[in-house]
Every structure is written in structure tokens, then in C-alpha cells.
Amino acid sequence: MAASASQPDATESAPSTEDLVVNVKVLNLAGSEVADLPLKPETTVREIKRTLQDKVKCPDCMQCLCHQDQPLDDRDTCASLGWQGEVTIYLTRMALDAEKGISTLLKSGGAQGPAKMQRTELERLCAICESIFDSEPMLLELQGPLMVVGNLHGHFDQLLQILDKMGHPSDTKRYLFLGGYVDRGPRSLDTVSLLFFFKAQQPDNVILLRSNHEDASMSRIYGFYDECHKHHGVKLWKLFCRTFNSMPVAALVNERIFCVHGGLSPELKDLNQIRQLKRPAQVPESGLLCDLLWSDPSDTSGWGENDRGVSFTWGEDVAKQMLSDLNLDLICRSHQVVEGGYQLFAEGRAVTLWSIRNFRHMDMPSTCGVMMISEDGKRTFECLTE
Ligand SMILES: [Mn+2]
């Protein structure tokens, strides 16, 4: 398709098209044939990778093609490589160096601008995380012990402080993040990249839920787009948005604690409705997916109009009734600034968790709250000050 506008190099005596076909055999490193492709001289290496994408279930940015031990450049064509007749090439998958990405980012604490990351590495990071998210259920089922973290909104140094105080993710330090990684703060790209690198490295120890800001329409306006645009180009922002569209939206911890970024929905009657939400999906303007990422608790009883102009508010009565109908003990969510880092509601049946100290955007006092869920489902809170 992409090649339709390109012109074959001028040929003096117009040979028949059959003469021009190059047969490219693609082998994996074990020597097994992956594909046998009849290609035109003007076909680029990038186009070969796109063709392979479906056959090998490996995104094009993760593929490396080699001919005679030399890696091929995406812009090379069969003609520019001098290929004729039969050619054999090798396909390897690029490994993401998560450890290196993590260490580069960790070392960049306190910096004003983003860490020096390679765009291609971030592209691979998105591709890997997208496939991990796609493999996760929309409603994750988890067991304590687990640490739950609320909004971070580009406050990269805050994320570093949390990891420093609470410990880096490992088999014994598992994290559940409630979304709100990008926008508003100064270092969205590094915040989401560090979390994605940890996700790629330890998918079961780092659970990342989606928020209303992990979406093209919000992150286009509130900072993430500008940051990507300035340092790596719009294409990278688009790739992140594409990855966001596959993120899971809720988690059930110890079968009784419901974790989500925003809150409840009048449409929610059964948790299976969340499991059945389709991906990839942009965040819609209304409906279940929208409410889970956008709704707020309120002192007014019943369902109310939300000042945000999106979704609803839910009163204490609604929270208690829904939790009892759904057989849950607690709803844990973020999405709103609360001074003390966490705030209980509905006689302890709902909690808002906020994880940014001195939130720059609102210029109001706030604390970084983290909730710990023990193996048997007990909750304790930690507030990170200086
Ligand atoms: Mn939010």
C-alpha cells in the first residue's frame, strides 16, 4: 500500500516484472523459515518488517533483520542492497534493555528536563507494554501484600521518593498504581517511562491501571503531548496513546477491595461488565468506561451532576449500596487532591488516595499517601513527607 506511489528506478529496456522479483527468504536464528517473500526492488526493509509483523507476532519496531551478519537499515531497499534472485536474511527480536532504561531514569532525579532516552528505545518500550496490557484482563485479580499509589501527574521526583522510601518493585514489593501518570507536572514522559520499564521488567509486580489522562484527548491538552513533541516528536506521543488504549482499568484485591482511578458508575451492576469492556479503546464521553475513570464521591446523596462536566458524582448511600450489591468491602480510587494524602468516605468504605506532595498545579498543601494492603487484606496508610 505504502509503496503504491513510489516509482521503480528508471529501467532502460523495461524487463518483465518477473525478472525484477527478488525472493527473500527470512529465517530465524535457529534456521527455521519464517517467511518466503517475493519482493519488488523498491521494497524497503521497513516494509518487509511490516509484512513479518503478522506472521511472527512481533511489532516492526522490535524486529531486527540481518543479511550476511550486517543489520539492515529500515530505509534500505532490495535494489539499494543489490539483491537479485534469491536472498536469505535473518530475523532477530530486539530485546528491550529495561535495566538500562530504569538506571538511566533513576539517575536523572532532580533534573529539570527529561532524561536522555533514545526515541527508538521508548518506541520499543511502548510496543512491549502494549502487548503486556493486551494480555492482562481489564479487571485484574490480585492478592496482597501490595502497595497502592494514586496520582503522580508527571511528578517524577515524587515517584522516585516513593520508590526510595517504600522499596523498588520486586517479588516481595508489589505495586498497584491507580493511573494519572502523565500531564500537569513537569516530567510526564519520564514518569510514565519509568513505570513502563518496570512493567516490562516485572509485569506481575507492577500493575498499572489507566486514568482519564492516559488518553489522547486529555494528554493532548494537559502537557504530555507538548513534552513528547518537544523532545521526541509527535509520533512517540501517538505510540504512548495507542499503548494507553490497551491498559486495564480496574483491579480487585483479595476479592474485596475494588481499585479504580475515578469511581463507580450507575451502569455497573456486575463486575463482569468491566471484564467485558473492549480494547483497544479511547476513553468515551459517557458510559461505564468513562465513569470508572472520571466519577467522584460527593457529600450529596444519590447520583449527582459532576462539576467536571463529565460523568457523575456518587453519594455515601450509593457507595454503601453498590459495595454491598457487588460483595465488596472497599473502593480505593484517586483522581482528586486530598490534603492528607488519603481521605476516607462512606464510613471507611471508600478512600481517595493522592500521592503528590505539594502538588504544583493547584498550589495547595497536599501530602503523598500510599496505601498498603496486607496479605489478609488489612489496610494501612503511609504519608510521605520530607
Ligand atoms: Mn484523574
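The rules behind each value
- Residues numbered from 1 in each chain as written.
- Predicted model: local features only at pLDDT ≥ 70, side-chain atom pairs only at ≥ 80, totals over all residues.
- Pairing = 2+ DSSP bridges.
- Helix = DSSP H or I, 4+ residues; strand = E, 2+ residues; numbered from the N terminus.
- Axes fitted to C-alpha atoms, helices over the stretch in contact; angles between N-to-C directions.
- Contact = placed C-beta atoms within 7 Å.
- pLDDT = per-residue confidence, 0-100.
- Parallel < 35°, antiparallel > 145°, perpendicular 65-115°, else oblique.
- Left-handed = near helix turned anticlockwise from the far one by under 90°.
- Nonpolar A, V, L, I, M, F, W, Y, C, P; charged D, E, K, R; others polar.

1. Details of the pairing of strand β1 (residues 22-28)
Step number 1: Looking at chain direction, β1 and strand β2 (residues 33-39) are connected through 6 bridges and run antiparallel. Paired with L27 across the bridge in β2 is E33.
Step number 2: Here β1 hands over to β2 after 4 residues, with G31 in that stretch at a positive phi of 90°.
Step number 3: Pairing analysis gives 6 bridges linking β1 to strand β5 (residues 86-93), with the strands arranged parallel. Residue pairing in the sheet places L27 in a bridge with Y90 of β5.

2. Description of the sheet that holds strand β7 (residues 146-149)
Step number 1: Strands sit in the order β9-β8-β7-β18-β19 across an open sheet of 5 strands; the sheet is mixed. Two strands bound the open sheet, and with one partner strand each, they are β9 (206-208) and β19 (379-384). Between one strand axis and the next, the sheet turns by 20° as a mean value, whatever way the strands run.
Step number 2: On top of the sheet, helix α5 (residues 156-166) reaches β7, β18 (368-373) and β19; it is set at about 40° to β18, its chief contact.
Step number 3: Here helix α6 (residues 188-201) sits on the sheet in contact with β8 (175-177) and β9, set at roughly 125° to β9.

3. Quick notes on the confidence of the model for the chain
Step number 1: When the pLDDT values of the chain are averaged, the result is 92; 94% of them are 70 or greater.
Step number 2: Within the model, the stretch residues 8-12 combines pLDDT values under 50 with 4 contacts to residues more than four positions away or in other chains.

4. A word on the packing of helix α4 (residues 119-135) against α6
Step number 1: One can describe the packing of α4 onto α6 by two numbers: an axis separation of 9 Å at closest approach and a directional angle of 55°. Classified by the interaxial angle, the pair formed by α4 and α6 is oblique. Two packed elements cross with a definite hand, and for α4 against α6 that hand is left-handed. For the pair formed by α4 and α6, the contact residues are L122, L125, I128, C129 and I132 on the first element and S193, F196, F197, K199 and A200 on the second.
Step number 2: Among the residues making up the contact of α4 with α6, the classes are represented as 8 nonpolar, 1 polar and 1 charged.

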